[in-house]
Amino acid sequence: MLSPKWHALFCLCSCIALAQPLNWQDLSPDTQIKPSERINKIQAIISAVVFGQTKIPRGSGPYSVGCTDLMSQYTNKSTFLRLYYPSTDAGHPDTIWIPNKEYFFGLSKFLGTHWLMGKILSLFFGSLTIPASWNSPVRTDEKYPLIIFSHGLGAFRTIYSAIGIELASHGFIVATVEHRDGSASATYYFKDQAAAELGYKSWFYLKTVKQGEEKPLRNAQVRQRAKECSQALDVILSGKPVKNVLDLEFDMQPLKDSIDRNKIAIIGHSFGGATVIQALNDDWRFRCGIALDAWMLPLDDDIYSKFSQPLFFINSEHFQYPDNIIKMKKCYLPGKERKMITIRGSVHQNFADFTFATGKISGYLLTLKGEIDSYVAIDLTNKASLAFLQKHLGLQKDFDKWDYLVEGEDDHLIPGTNIDTTHQDVTLHNSTGIEKQNLG
């Protein structure tokens, strides 16, 4: 049985014709629109009617942004990445946001809805593009810091483009990992070269959790996820040429040669936030980490005191809860820099792209938007992240003009957390000294 939210969505879908008839004149063959373009236009109109669809924001930095995908081997253990990077403006087309219908089927499974929901989502969003040039050449006149990004539970590599594009527009290379641990709503691989040449993808979907098995399963997954982030580094930083089994018209070598190997960080959302902490513990090459609304359950309790790299928690107001915050507080130990801010009026999905793919009504209905404007929320996230990265990667940029955001000094921010944990004190340690304060 569908939840009330999804039942309401189906009702909306059934009322498309009543809400706003399509302007068929625009879709007339007389306009000489190609059939594929006509289908895309129909999809865009339907999406706008049903969802009030808005756009994923362009990068605000001085660099044009390119995008490509990389799959390293013919195995389900291969590294699978979506890459955002500073590019030359070579007139390449915009990138398809979600490139395969199977991802929508995976999302429908994750949401606990009928498979037909995947069909509907594919219809609405299958033609949506993001403002990044597909396979455009890398701009090669300087070295760029590298960010590895880890997605959340039920997500996949393509749906954090608002963050990837913004960071790339400010001179970062961002590699978003598609995890193979059963936490992605869908992912695929090719069994061999023949399958790749024929386009025969082998798909696998979100792993179902049995009652009483969540903690051990999630712990095993977070460990695998951290290894996959390190494996992504190995592939990208390898001195050997990278073979992309996707056989795209993109030369990986200039991108590899443009990375500053001493300036590497990791960012992740939700389950990806826990992955950030595990990866910092496991791999010293990550010089700092940013955990976006981290879900702490998957981690072992003894990991919080083990890693020394700087860590920045950026939380939403409406997702966090006492047990989760208490675990974050355990990371605050002498001599280790930890920061935490909370975005007022935000929800868990304010960090992912779906917050931009829906209008206000459907966004609230599906809990994809909070009270805060989605563009304001992602702008605060990105600017605070840039300031933190400049400090801890030693960048010669002007991102320190946003240092005040890292301290939570903005009307839209709460320093620390909105969650009451007054029964426990925590000692925060900043680079400028030691200050005892309560995060609650």
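Residues numbered from 1 in each chain as written. Predicted model: local features only at pLDDT ≥ 70, side-chain atom pairs only at ≥ 80, totals over all residues. Heavy atoms only, no water.

Trainee: Go over the confidence of the model for the protein, please, and point to the residues and values.
Mentor: In the predicted model, the protein carries a mean pLDDT of 86, and the fraction of residues at 70 or more is 83%. Here residues 426-440 is modelled with pLDDT under 50, and outside its nearest four sequence neighbours on either side it reaches 46 contacts, counting other chains as well. (pLDDT = per-residue confidence, 0-100. Contact = heavy atoms within 4.5 Å.)

Trainee: How would you explain the packing of aromatic side chains if you had to name every residue and give the values?
Mentor: The final tally for this structure, using the stated rule, is 20 aromatic pairs. Consider the rings of Tyr103 and Trp203, whose centres lie 5.0 Å apart with planes at 85 degrees: the pair is edge-to-face. Of this pair, Tyr103 sits in helix α4 (residues 101-110) while Trp203 sits in strand β8 (residues 202-205), and the two are 100 residues apart along the sequence. For the residue pair Tyr103 and Trp203, the accessibility class agrees, reading buried in each case. A centroid spacing of 5.9 Å and a plane angle of 80 degrees characterise the contact between Phe125 and Phe354, whose relative ring orientation is edge-to-face. Remark: Phe354 occurs in the loop between β12 (338-343) and α12 (360-365) and Phe125 occurs in helix α5 (residues 116-125); sequence separation between them is 229 residues. (Phe/Tyr/Trp six-rings, centres within 6.5 Å; stacked < 30°, edge-to-face > 60°. Helix = DSSP H or I, 4+ residues; strand = E, 2+ residues; numbered from the N terminus. Buried < 20%, exposed > 50% of the residue type's maximum accessible area, 1.4 Å probe, protein only.)

Trainee: Outline the sheet that holds strand β3 (residues 94-96), listing residues and values.
Mentor: Pairing in this open sheet of 11 strands is mixed, and the strands run β3-β4-β1-β2-β6-β5-β9-β10-β11-β12-β13 from one edge to the other. Of all the strands in the sheet, just β3 and β13 (413-415) have a single pairing partner and so form its edges. Each neighbouring strand pair of the sheet contributes to a mean axis angle of 30 degrees, computed without reference to strand direction. Looking at chain direction, strand β5 (residues 144-150) and strand β6 (residues 173-177) are connected through five bridges and run parallel. From the neighbouring strand, Phe149 faces β6, where its bridge partner is Thr176. The sheet contacts of helix α6 (residues 161-169) involve β1 (64-71), β2 (80-87), β4 (129-134), β5, β6, β9 (259-269) and β10 (289-292), and relative to β2 the element is tilted by about 35 degrees. Most of the contacts of helix α8 (residues 214-237) go to β5, to which it runs at about 150 degrees, and overall it touches β1, β2, β5, β6 and β9. (Pairing = 2+ DSSP bridges. Axes fitted to C-alpha atoms, helices over the stretch in contact; angles between N-to-C directions.)

Trainee: Got a sec to walk through the nonpolar core? Specific residues and values, please.
Mentor: Core analysis: the biggest nonpolar cluster contains 71 residues, and Trp97, Phe125, Phe172, Ile314, Phe354 and Leu389 have the highest contact counts within it. Here this core gets nine residues from one element, more than from any other, and that element is helix α13 (residues 374-393). Apart from the residues lying within four places of it in its own chain, the contact partners of Phe354 are Trp97, Ile98, Leu107, Phe125, Ile159 and Leu368. Grouped together as the second largest cluster of nonpolar side chains are 49 residues, Leu237, Ile266, Met296 and Met328 included. (Core = buried A, V, L, I, M, F, W, Y, C linked by side-chain atoms within 4.5 Å.)

Trainee: Lay out α5 in plain terms, naming residues and giving numbers.
Mentor: Of all 10 residues making up α5, seven are buried, and the element is well covered by its neighbours. Residues of α5 that are buried: Met117, Gly118, Ile120, Leu121, Ser122, Phe124 and Phe125.

Trainee: I'd love a proper account of the packing of α4 against α5, names of residues and values included.
Mentor: Relative to each other, α4 and α5 sit at 130 degrees, their axes nearing to 8 Å. Considering the angle they form, α4 stands oblique to α5. Along this stretch, α4 crosses α5, giving a crossing that reads as right-handed. Touching Lys101, Phe104, Phe105, Leu107 and Ser108 of α4 are Met117, Gly118, Lys119, Leu121, Ser122 and Phe125, all from α5. For the contact of α4 with α5, the per-class residue count stands at six nonpolar, three polar and two charged. (Parallel < 35°, antiparallel > 145°, perpendicular 65-115°, else oblique. Left-handed = near helix turned anticlockwise from the far one by under 90°. Nonpolar A, V, L, I, M, F, W, Y, C, P; charged D, E, K, R; others polar.)

Trainee: Could you give an account of unusual backbone geometry, with specific residues and numbers?
Mentor: With phi around 55 degrees, Asp247 is a residue other than glycine that occupies positive phi space. Counting through the fold element by element, Asp247 comes out in the loop between α8 and α9 (252-257). Phi at Asp293 is positive, roughly 50 degrees, even though this residue is not glycine. Along the chain, Asp293 falls in the loop between β10 and β11 (311-316). Residue class for Asp293 comes out buried when judged on its relative accessible area of 0%.

Trainee: Can you explain the pairing of β9? Please cite residues and give values.
Mentor: Of all 11 residues making up β9, eight are buried, and the element is well covered by its neighbours. Both β5 and β9 contribute to a ladder of six bridges, which runs parallel. Residue pairing across strands places Ser150 opposite Gly268, the latter belonging to β9. Viewed along the sheet, the connection from β9 through helix α10 (residues 271-282) into β10 turns out right-handed. (Right-handed = clockwise from strand over helix to strand, strands pointing away.)

Trainee: Before we move on, can you summarise a negative patch on the surface with the specific residues and values?
Mentor: On the surface, a cluster of negative charge is made up of Asp192, Glu197, Asp247 and Glu249. Residue classification places Glu197 among the exposed residues on the basis of a relative accessible area of 60%. (Patch = residues over 30% accessible without salt bridge, like charges linked within 9 Å, V, L, I, M, F, W, Y side chains within 5 Å. Areas by Shrake-Rupley, 256 points an atom, 1.4 Å probe, with all protein chains shown as cover. Salt bridge = Lys/Arg side-chain N within 4 Å of Asp/Glu carboxyl O. Lys, Arg positive; Asp, Glu negative; His and termini not counted. Charge placed at Lys NZ, Arg CZ, Asp CG, Glu CD.)

Trainee: Describe the packing of α8 against α10, naming the residues involved and giving the relevant values.
Mentor: One can describe the packing of α8 onto α10 by two numbers: an axis separation of 8 Å at closest approach and a directional angle of 65 degrees. At the point where α8 passes α10, the crossing takes the right-handed sense. Contacts from Arg218, Gln221, Val222, Arg223, Arg225, Ala226 and Cys229 of α8 reach α10 at Phe271, Gly272, Ala274, Thr275, Gln278, Ala279 and Asp282. Grouping the constituent residues of the contact of α8 with α10 by class yields six nonpolar, four polar and four charged.

Trainee: Lay out the environment of Ile326 with the relevant residues and their values.
Mentor: Among the secondary structure elements, Ile326 is positioned in helix α11 (residues 322-329). With 30 residues separating them along the chain, Ile326 and Met296 place their C-alpha atoms 9.6 Å apart.

Trainee: Can you break down the side chain of Arg157 residue by residue, with the values?
Mentor: Looking at the secondary structure, you find Arg157 in the loop between β5 and α6. For Arg157, the side chain forms a polar contact with the side chain of Tyr103, separated by 2.6 Å. Side chain to side chain, Arg157 and Glu178 meet in a polar contact 2.9 Å long. Those residues in contact with Arg157 that lie beyond four places of it in its chain are Asp69, Phe80, Leu81, Arg82, Tyr84, Pro99, Tyr103, His151, Thr176, Val177 and Glu178. (Polar contact = N/O pair within 3.5 Å; in protein donor to acceptor, adjacent residues only side chain to side chain.)

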